[in-house]
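Coordinates in review
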Amino acid sequence: MPYHKNKQQAFQAAQQDFHQAIDIYKNLVEDQEDYGHHLKLLKEEIIETYQQVENALEVASEAQRTQLEEYQQTLNQIMQQVNQE
C-alpha cells in the first residue's frame, strides 16, 4: 500500500479502496457457504481503506477532507453492523 504525497493520488487511492470495500459489503450474504471467508475479506478491506483514508487526510484539500470523513463514517457503520451479526 504505497503512501501518496500527491493530494489527488492519495484521494483516488482512498476512493478506490472505499468502493472495493462497499462492493464486498454489498455482496456479503449471511447464508452463503463461504460467508466467513467473505466477512474476513471485508474486514481486511476496511482496515486497508482506513489506512488509505488516513494517509489521504494528511494531504487532502478541504473538499477531499469532507468526502474522506464521510468514507470514515460509512466504514464505521459497516464495521458496527458486521460486528453485531
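This part is about the overall build of the chain. What the chain contains, in helices and strands, is 3 helices and 0 strands. When its helices and strands are written in sequence order, the chain yields α-α-α. The principal-axis extent of the C-alpha atoms belonging to the chain is close to 40 × 20 × 15 Å. Counting only residues that meet the buried cut, the chain has 36% of its 85 residues in that class. Long-range contacts, defined here as pairs at least 24 residues apart, represent 72% of the contacts in the chain between residues at least 6 apart. Within the structure as shown, the chain displays about 5500 Å² of accessible surface, and the carbon and sulfur contribution to it stands at 44%. Across the chain, the 6 positively charged side chains and the 15 negatively charged ones have centroids separated by 9 Å.

Within the element layout of this structure, A10 appears in helix α1 (residues 7-26). Residue classification places A10 among the buried positions, given a relative accessible area of 2%. Put simply, A10 and Q52 are 42 residues apart on the chain and 7.4 Å apart in space, counted from C-alpha to C-alpha.

Cut-off values and rules
Residues numbered from 1 in each chain as written. Predicted model: local features only at pLDDT ≥ 70, side-chain atom pairs only at ≥ 80, totals over all residues. Heavy atoms only, no water. Helix = DSSP H or I, 4+ residues; strand = E, 2+ residues; numbered from the N terminus. Buried < 20%, exposed > 50% of the residue type's maximum accessible area, 1.4 Å probe, protein only. Contact = heavy atoms within 4.5 Å. Areas by Shrake-Rupley, 256 points an atom, 1.4 Å probe, with all protein chains shown as cover. Lys, Arg positive; Asp, Glu negative; His and termini not counted. Charge placed at Lys NZ, Arg CZ, Asp CG, Glu CD.

Without other data, these values stay purely geometric and don't point to any function.
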